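Now for the letters of each chain:
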Protein chains: 2
Amino acid sequence: MRASDPVRSNQTYMSNKRVYLFREGNATMRDLLGGKGANLAEMTNIGLPVPPGFTITTEVCNEYHKVGNQLPAGLMDETRSALADLEKSLGKTFGDPDNPLLVSVRSGAKFSMPGMMDTVLNLGLNDETVDALVKVQDARFVYDSYRRLIMMLSDVAYSDTHPGMGKHDFEVIFAALKTELGVSGDLEIDAGGMKELCKRFEAHVLKVTGTPFPQDPQVQLQAAIEAVFRSWNNERAIIYRRREKISDDIGTAVNVQAMVFGNRGDDCGTGVAFTRNAATGENHVFGEYLMNAQGEDVVAGVRTPVHIDELERQNPEIYRQFKAVCDKLERHYRDMQDIEFTIEHGKLFILQCRTGKRTGPAAIKIAVDMVAEGLINKEEAVLRIDPELLNHCLLPVISPGTKYNVLAKGLPAGPGAATGIAIFDAETAAELGKGGKDQKVILVRAETSPDDLKGMLAAQGVLTEKGGMTSHAALVARGFGIPTVAGCSDISVSSARKEFTVAGRTIKEGDVISLNGGLGEVIDGAVPVEEPKLTGDFNVFMGWADEYRKLGVRTNADTPADTALAIRFGAEGIGLCRTEHMFFEGERRPVVQRMILADDDAERQSALDELLVFQRADFVGIYEALEGRPMTVRLIDPPLHEFLPSLEVLIGEVAVLKSQGKSDPEKEALLEAVESMHEINPMMGLRGCRLSIVFPQIVQMQTRAILEGAAEVIRKGGKAVPEIMIPLVGHVNELKFVREKLEATAREVVKEQGVEIPYVFGTMIEVPRGAITADEIAVEAEFFSFGTNDLTQMTYGFSRDDSDRFLKPYVSQKILPGDPFESIDQSGVGVLMEMAVTKGKAVKPWLKLGICGEHGGEPRSIEFCHKIGLNYVSCSPYRVPIARLAAAQAALNERVKVVVRDK
Amino acid sequence: MRASDPVRSNQTYMSNKRVYLFREGNATMRDLLGGKGANLAEMTNIGLPVPPGFTITTEVCNEYHKVGNQLPAGLMDETRSALADLEKSLGKTFGDPDNPLLVSVRSGAKFSMPGMMDTVLNLGLNDETVDALVKVQDARFVYDSYRRLIMMLSDVAYSDTHPGMGKHDFEVIFAALKTELGVSGDLEIDAGGMKELCKRFEAHVLKVTGTPFPQDPQVQLQAAIEAVFRSWNNERAIIYRRREKISDDIGTAVNVQAMVFGNRGDDCGTGVAFTRNAATGENHVFGEYLMNAQGEDVVAGVRTPVHIDELERQNPEIYRQFKAVCDKLERHYRDMQDIEFTIEHGKLFILQCRTGKRTGPAAIKIAVDMVAEGLINKEEAVLRIDPELLNHCLLPVISPGTKYNVLAKGLPAGPGAATGIAIFDAETAAELGKGGKDQKVILVRAETSPDDLKGMLAAQGVLTEKGGMTSHAALVARGFGIPTVAGCSDISVSSARKEFTVAGRTIKEGDVISLNGGLGEVIDGAVPVEEPKLTGDFNVFMGWADEYRKLGVRTNADTPADTALAIRFGAEGIGLCRTEHMFFEGERRPVVQRMILADDDAERQSALDELLVFQRADFVGIYEALEGRPMTVRLIDPPLHEFLPSLEVLIGEVAVLKSQGKSDPEKEALLEAVESMHEINPMMGLRGCRLSIVFPQIVQMQTRAILEGAAEVIRKGGKAVPEIMIPLVGHVNELKFVREKLEATAREVVKEQGVEIPYVFGTMIEVPRGAITADEIAVEAEFFSFGTNDLTQMTYGFSRDDSDRFLKPYVSQKILPGDPFESIDQSGVGVLMEMAVTKGKAVKPWLKLGICGEHGGEPRSIEFCHKIGLNYVSCSPYRVPIARLAAAQAALNERVKVVVRDK
């Protein structure tokens, strides 16, 4: 996936064919066949051992939902002919009691949504085929397979309409039987026990639904197909799509495939593997398998599987075959693959392959290695990595040298370090964590299931007792960059008691623990974390990105520390230094209040003189951190009342005093002042340059601080390149007025200080009128910086502070294609930006153009900024590498498009 | 003047000539010579008896201010040569003790600013010339002239820098002398007394300034010229220019002219006259004069002058000459003229002519008459009248049949009726009246002076004891449409005691009085007022306007009464019916609150059902008033919290209760609800169509009310043409979503009601994004209506509620050319409007386009709307005639420009 795509969706096909045999498709048909279907087809055609099957297209899914959950007429006929093809090639017949064909039914959308939708295995079993099969196969296995079918099909196809048909209900029956039989593990139950279980499951179905479990394999198949289609719209799938920006319109395909069994004995097994290490990128097959198990057992994390290297010892021939498949697939797809396989009686089958999800560090190592191996070139390497993945490389690590108490060790399933309180259910984690009450929580589960997604996303980190590196939980956690320790069998989790025990200790809900995802460590208490060292591969890769990109990348920073961090991440200067942030800091705020509430000019000036000392020192620190790189400083922007106490609080306090017949003249005067400064719509009130026009002393002080600071640095032999930015300009005269006043101050300071300071003045383009009249404004500005937060607010008339109540429904009801505060609204706000660029450059071709709204760190917006010809983007320090990569990709994508056009 | 001009200013001249003799100029040179200078030149050249003189150009004034109040080098030399020309033609020499030339120095800008700047008369007198003159002329007159010079020149040239040199200081000395001499009137003082007065005045000057009164006529002249230039920037001149939208850059010219004297005896006199009646338009010379007086005596209103008709009896020959001059000037200028004249020893001199200011009714009558007389054509008539003047025709009159008690009668100086409390100084009037505390006040003055301007503008009406129909006070009051009774000699005003007496009664400050401006009546107490009947001439004239205009004119109205009024004024439908206004009315508000605070849907629906009954009845009334004309109804727009009690008040109340240990659960719940709905920037919050998306029930109810009301009217045989307008659309999907929902409701109602209702849906273009994406939005809209209030707010990022603190300084410091909420900001907001028109029409050529912001009634904005091709403008009822005329002028101006281009 590429985050720089807009909402991801399918191309439209006009096709009457609704069912494709695997041999009829290929890897390019992902829109129609889904990723899994297209890859099964591709693998079939390149000669890999894929059990035969067919794919029902994504269009059928859309049709199904469009007409209110109804399969299109004729579909089951097409399905039956495809089945006939399978029957012919395998010499088995679906529903034939003598030699029954069994099939699986799996979802598969264009973009991988691991575990979010439903799967049903073993279709084709019924009382009759079971009876026939037990005569020729291991009876326990046959009954086990049937009981699994009853449970899965009941759960996915009937539990929505019939409470009591859920997986859990069947597990209760299973547990009761085990108790009766005096056994604890599944494997201890013999064929007779399993047969009894099938009977009890069938009886349960009849009791709950009033009808027997469907015996007709065609009925089973149709029920399973419909269940998969319906699962496209289950809650966890919807949440996942929102998060991953996948369109709701693309639908899922359904893959029907002949069953192979990994659970038919000790010469059977099933596994999942990556062609390279998904966590580190190491070029070594990496995966896990379980002998005598079905795929779900590995993926669901119920049993902790064995590392793939073990297979080499256990079965060198199968391992050799498997390694050859890995190599072939990697060369074929020219990317690391994620492969599902099954061994049935010593024969290897490949059930799925897809481009493997990987952590940021792994993505970088793989890309750099593959370039070295000659598999891909540098451009491909740069284009291949989702910029957002770089976040993983910047995740904090435990400060080196820290001593800490390791409670247990598990698998290093997701990188990074995290500290938080232990929480034992996803609901509570979602409630307390990110997006909720913003507490730091670690979600601890025996095993995680897709239902836990919400809670995982809200957590700082995830810890599971069971499940391997390729369990869904680990996979999802890694995809989202959540520090995760999985399969930590040292601990024993009880979600009922909300605690886990480890070596005699008990950690209860609310106790603080830490995770070291990189090493799989579970730690007692909190640990100090810090920025990671950036590795050689990271720097090589980012160097390539820098070769291609045309956009400069600056950072938004107000402190020397943030500045230094951003420069380590590759920032080429500061694009936005917010001066008012400096006003909010502890000891300064009273001085700022004194300045605002001053009765006369002398009092105001004395407060400003104090602030000058603070601000000058701030700027000196930032100049030094910048080491000669440019700094765009925005003059004070927010309305002054933001620095004063809250009106509502004061009203309450004074009302209470008055009702008690008391009086506090100071407080009353403060209330009066705050009331007089109160604004109905402060966003469009006395702020930005308006403030500078009405109270010029503040920005005169700021200009003085900026330039005196620069002089100090320059005198010490350093370099300082201040670019003074006047905000909220809508009419050229505003800029002209303020600029002229400040240039007078600037000339004065330069004269006093006796050093040359290379300052320039420019403006933000953040009100629509600024963009519309950019030709006039450019005359007075040496640079423009797009303030796209405010520009979006005013272009839409959306107050960001208040927009939650309508913007969320807007996005979820698809009234807007996305949140315009996240990614630039190119057809609205973007039109104004382009207008400003065109008009500004028309009068001043050398005009420097940047963006400093939050969009400056968002890949799709960065591509847009590249397209309209900005000189740089500016973003928060942690997004600097992302912006560098996104900028490179924008430049490369443009080149590709140019090539296409040249053809 | 034409209000549809932008800020009025001069064309630029590049000329080295700075002084023009009257015979060197002409009427087209108003930019350079000012109106007065250009007309003096024109009159000189067409052979009227104008005393010779010359004009110093407006450019010199600008130069003077640019270099910090310094006359340009060489100017006084040029002035001296021009003086030499005068000396030659009159056979007198400036400063010559034997036969001195005396001159006046007067201001004169391009646009008339009556009385706002300074004048000095009798320059050239000094001790020496006075001594010489008394030998050959009436000694009393000579001394009287000199003492006037001392006082005037001291006041205008020196009082700024020397307190004690003001007019008042000299008047104190004059009064003391009168007391000493035991006389009361000026005329009782003989030559000796006047000579003594001159001595005392000179002594006073020496005492205050340390130097003697300047004896060198050249020094006097230069001081007077500079004083006139400086007076361009005195406070009252600046206020006047703001009010009249005259640019500060155009400067004033200075006219230096040989003195003629109306105060040299009984065969002398001076007067001011209009060629037609400025109050009624009657075609009869109308004016006033005083024998043996100087011009200032008439203009300043110190003595109540005699009607010009009297002159015919007193001096038929002079009257005949004067009438001939009037006729010649009116034919020459093809417009009613305002003429200043002086008679010196039986000889008539014309000192000034200019296009006469007139009331709205007069303007209409004159225009209609002049068309009938063949002096101008209909197009000229329509183009000539400032649309704002039509306001005068719509001023309220006392309800016919009302009995009231007339206290006194004066001159009917300004039309209309007014009631208010009597206030005796301009300061207090400004404080209490319009723009202040908005009380209704009547300003009562013995005589008004230009200093009273602020107070007059704040008053409902003006009453003066002295001064005629052409006094400054009357002129200004009439120009601004302030009901005014002038020269009401029945009353005796004491500003010291703040009262006036009339026939033994005393009216004190704060007592309520009324004025009937049309009849010059002063009335005891309040009177009921009503709309005037519109006269035949008005209808004829507006008929002409309607012939030319292309824009439709609708009205903004929410009640049947407003609708009926607007239709009387010529509205062709409703362009904006604000449905929420109906929600604010008394008995409905609790129901609205119940709807908003409802706990469940049933409760909400029951409140909405109640509101439906109200709204339906409202719409029926409006449809009936419209008699089949279209009505654009805007669905609910403001945030819901506007209908709830104030958050601040509730906070105070609950805080007090809590501090007293009391509890009021209902109030606390209300506070909680209000708090939860509170918005930081409600202007950009949950309002407009956003509200309709989040709470669709409200607009479903409104749609039902609109259409059920229409059905009711149609069933009764009437006609109803509802256009349903969805506000605040920024993205086409918003419109689509709401429209689809409401069309379902609409179809339902039509089906229920069983009648055809010709409804359409459209939208407002009022957020910038709406304009930018108008091509997308037009697909879903049958009409656009520009909401230029909000569009201006968001394009500039100016919250109108909060903009006072910066918008006023912006306008006064000329950062903005004007208030964008008054007249459309054509280079910003206008660009978006044009974009919307172009893009909208591109996809839907028949798209109906209108404007319903307040700009829809402002002439310059209307011209812009015409230019960009809107179909109609909509404005408040009282502005409908103004809009009709402005629309006609826009069409005619375009035609003129087309003709020019065709040449």
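Predicted, not measured: the structure shown is a model, and the values here were computed from it.

Asker: Any chance you could explain the nonpolar core here in plain terms?
Answerer: One recurring pattern in soluble globular proteins is that nonpolar side chains are buried together. Phe541 and Met833 of chain A together with Phe541 and Met833 of chain B are the most contacted members of the largest nonpolar core, which has 280 residues in total. In contact with Phe541 of chain A, other than residues within four places in its own chain, are Ile364, Ala367, Val368, Ala381, Val382, Ile385 and Leu885 of chain A.

Asker: Looking at this structure, I do not really get the interface of chain A and chain B. What am I missing?
Answerer: Listed per partner, the contact involves 56 residues of chain A and 57 residues of chain B. The junction of chain A with chain B conceals about 4900 Å² of combined surface from both sides, 61% of it contributed by carbon and sulfur atoms. By the criterion of area lost to chain B, the three top residues of chain A are Met684, Arg769 and Arg805 of chain A, representing 15% of everything that side buries. Linking chain A with chain B are four salt bridges. Glu679 of chain B serves as the salt-bridge partner of Arg805 of chain A, at 3.6 Å between the closest nitrogen and oxygen. If you list the elements that add at least two residues to the side of chain A that touches chain B, you get helix H24 (647-659), helix H25 (665-677), helix H26 (689-694), helix H28 (732-753), helix H29 (768-772), helix H31 (788-796), helix H32 (804-812) and helix H33 (829-843) of chain A. Considered class by class, the residues forming the side of chain A that touches chain B number 28 nonpolar, 17 polar and eleven charged.

Asker: Please clarify how the pairing of strand E27 (residues 574-578) of chain A should be interpreted in this entry.
Answerer: Walk down a regular strand and you will see the side chains alternate between the two sheet faces. Residue and element names in this part refer to chain A. In terms of burial, E27 is a largely internal element, five of the five residues being buried. Where strand E26 (residues 552-556) lies against E27, two bridges are found, and the strand directions are parallel. Directly across from Thr555, in E27, lies its bridge partner Ile574. Of the strand pairs in this sheet, E27 and strand E28 (residues 630-634) are connected by three bridges, and their pairing is parallel. Bridge assignment links Arg578 to a residue of E28, and that residue is Arg634.

Asker: Please clarify how the relation of the copies chain A and chain B should be interpreted in this entry.
Answerer: Mapping one chain copy onto the other needs a rotation about an axis and a shift along that axis. With an axial shift of 0.1 Å and an RMSD of 0.2 Å, the rotation relating chain A to chain B amounts to 179°. What the rotation and shift describe, once combined, is the action of a two-fold rotation axis. Both copies present the same face, since 100% of the interface residues in chain A are matched by interface residues at the equivalent positions in chain B.

Asker: What am I meant to see in the sheet that holds strand E3 (residues 103-109) of chain B here?
Answerer: All names here are of chain B. Strand order in the open sheet made by the five strands is E1-E2-E5-E3-E4, with antiparallel pairing throughout. Lying at the two open borders of the sheet, with one neighbouring strand each, are strand E1 (19-21) and strand E4 (119-123). When strand polarity is set aside, the average angle formed by the axes of neighbouring strands in this sheet is 20°. Summarising the sheet, E3 and E4 pair through three bridges and their orientation is antiparallel. What sits directly across from Arg106, in E4, is Thr119.

Asker: Explain a negative patch on the surface to me, please; I cannot follow it from the model alone.
Answerer: On the surface, Asp98, Asp127, Glu128 and Asp131 of chain A cluster together into a patch of negative charge. With respect to the helices and strands, the residue Glu128 of chain A is situated in helix H4 (residues 127-136).

Asker: Please explain the packing of helix H6 (residues 167-181) of chain A against helix H7 (residues 191-209) of chain A as it appears in this structure.
Answerer: When two helices pack together, their arrangement is captured by the angle between the axes and the distance separating the axes. Residues and elements named next belong to chain A. Direction vectors running N to C along H6 and H7 enclose 140°, while the axes themselves pass 10 Å from each other. Viewed along their axes, H6 and H7 adopt a mutual orientation that is oblique. Relative to H7, the crossing made by H6 is right-handed. On H7, the residues that touch Asp169, Phe170, Ile173, Phe174, Leu177, Glu180 and Leu181 of H6 are Gly193, Met194, Glu196, Leu197, Arg200, Phe201, His204 and Val205. Taken together, the residues of the contact of H6 with H7 sort by class into nine nonpolar, two polar and four charged.

Asker: Help me understand the pattern of salt bridges, please; the structure alone is not making it clear to me.
Answerer: Any two side chains of opposite charge can pair, on the condition that their charged atoms come close. All names here are of chain A. The full count for this structure, using the stated rule, is 126 salt bridges over all chains. A salt bridge links Arg384 to Asp335; its shortest N-O distance comes to 3.4 Å. Placement of the pair is Arg384 in helix H14 (residues 378-384) and Asp335 in the loop between helix H12 (316-333) and strand E11 (337-344), with a sequence separation of 49 residues. Among the residues examined, Arg384 registers a relative accessible area of 25% and is labelled partly exposed. Ionic contacts of the salt-bridge type, sharing partners, join the residues Glu580, Arg634, Asp637, Arg687 and Asp790 into one network.

Asker: Please clarify how the packing of aromatic side chains should be interpreted in this entry.
Answerer: What characterises a pair of aromatic rings is the spacing of the ring centres plus the angle enclosed by the ring planes. Residue and element names in this part refer to chain A. A complete count under the given rule lists 30 aromatic pairs over all chains for this structure. Ring geometry for Phe274 against Phe286: centres 5.9 Å apart, planes inclined by 45°, an arrangement best described as tilted. Of this pair, Phe274 sits in strand E8 (residues 269-274) while Phe286 is found in strand E9 (residues 286-291), placing the two residues twelve residues apart along the sequence. For the residue pair Phe274 and Phe286, the accessibility class agrees, reading buried in each case. Through a chain of ring-to-ring contacts, the aromatic side chains of Tyr796, Phe798, Phe806 and Tyr810 assemble into a single cluster. The ring of Tyr20 carries the charged tip of Lys17 above its face, separated from the ring centre by 5.0 Å.

Asker: Sorry, what's going on with helix H6 (residues 167-181) of chain B here?
Answerer: For the α-helix, the turn length of 3.6 residues means that residues three or four positions removed from each other point alike. Residues and elements named next belong to chain B. Compared with the 21 Å implied by 1.5 Å per residue over 15 residues, the 21 Å span of H6 between its first and last C-alpha is a close match. The elements touched by buried residues of H6 are helix H5 (139-158) and helix H7 (191-209). Gly182, located one to two residues past H6, shows a positive phi value of around 70°.

Asker: Please clarify how helix H3 (residues 75-90) of chain B should be interpreted in this entry.
Answerer: Residue and element names in this part refer to chain B. Look at H3: 23 Å from first C-alpha to last across 16 residues, which is about the 22 Å you get at 1.5 Å a residue. Restricting attention to buried positions, one finds in H3 the residues Leu75, Met76, Thr79, Ala82, Leu83, Leu86 and Glu87. On an axial view of H3, the arc spanned by its buried residues comes to 155°, and they lie on one face. Considering only its buried residues, H3 is in contact with E1, strand E2 (53-56), helix H2 (58-66), E3, helix H8 (217-231) and strand E5 (252-258). One or two positions beyond H3, positive phi appears at Gly91, with a value near 70°.

Conventions used here
- Residues numbered from 1 in each chain as written.
- Chains lettered and ligands numbered in written order.
- Predicted model: local features only at pLDDT ≥ 70, side-chain atom pairs only at ≥ 80, totals over all residues.
- Heavy atoms only, no water.
- Core = buried A, V, L, I, M, F, W, Y, C linked by side-chain atoms within 4.5 Å.
- Buried < 20%, exposed > 50% of the residue type's maximum accessible area, 1.4 Å probe, protein only.
- Contact = heavy atoms within 4.5 Å.
- Buried area = accessible area lost by both parts, 1.4 Å probe.
- Salt bridge = Lys/Arg side-chain N within 4 Å of Asp/Glu carboxyl O.
- Helix = DSSP H or I, 4+ residues; strand = E, 2+ residues; numbered from the N terminus.
- Nonpolar A, V, L, I, M, F, W, Y, C, P; charged D, E, K, R; others polar.
- Pairing = 2+ DSSP bridges.
- Least-squares fit on C-alpha atoms with pLDDT ≥ 70 in both.
- Axes fitted to C-alpha atoms, helices over the stretch in contact; angles between N-to-C directions.
- Patch = residues over 30% accessible without salt bridge, like charges linked within 9 Å, V, L, I, M, F, W, Y side chains within 5 Å.
- Areas by Shrake-Rupley, 256 points an atom, 1.4 Å probe, with all protein chains shown as cover.
- Lys, Arg positive; Asp, Glu negative; His and termini not counted.
- Charge placed at Lys NZ, Arg CZ, Asp CG, Glu CD.
- Parallel < 35°, antiparallel > 145°, perpendicular 65-115°, else oblique.
- Left-handed = near helix turned anticlockwise from the far one by under 90°.
- Phe/Tyr/Trp six-rings, centres within 6.5 Å; stacked < 30°, edge-to-face > 60°.
- Lys NZ or Arg CZ within 6 Å of the ring centre and 35° of its normal.
- Expected span 1.5 Å × (residues − 1).
- Arc of directions from axis to C-beta.

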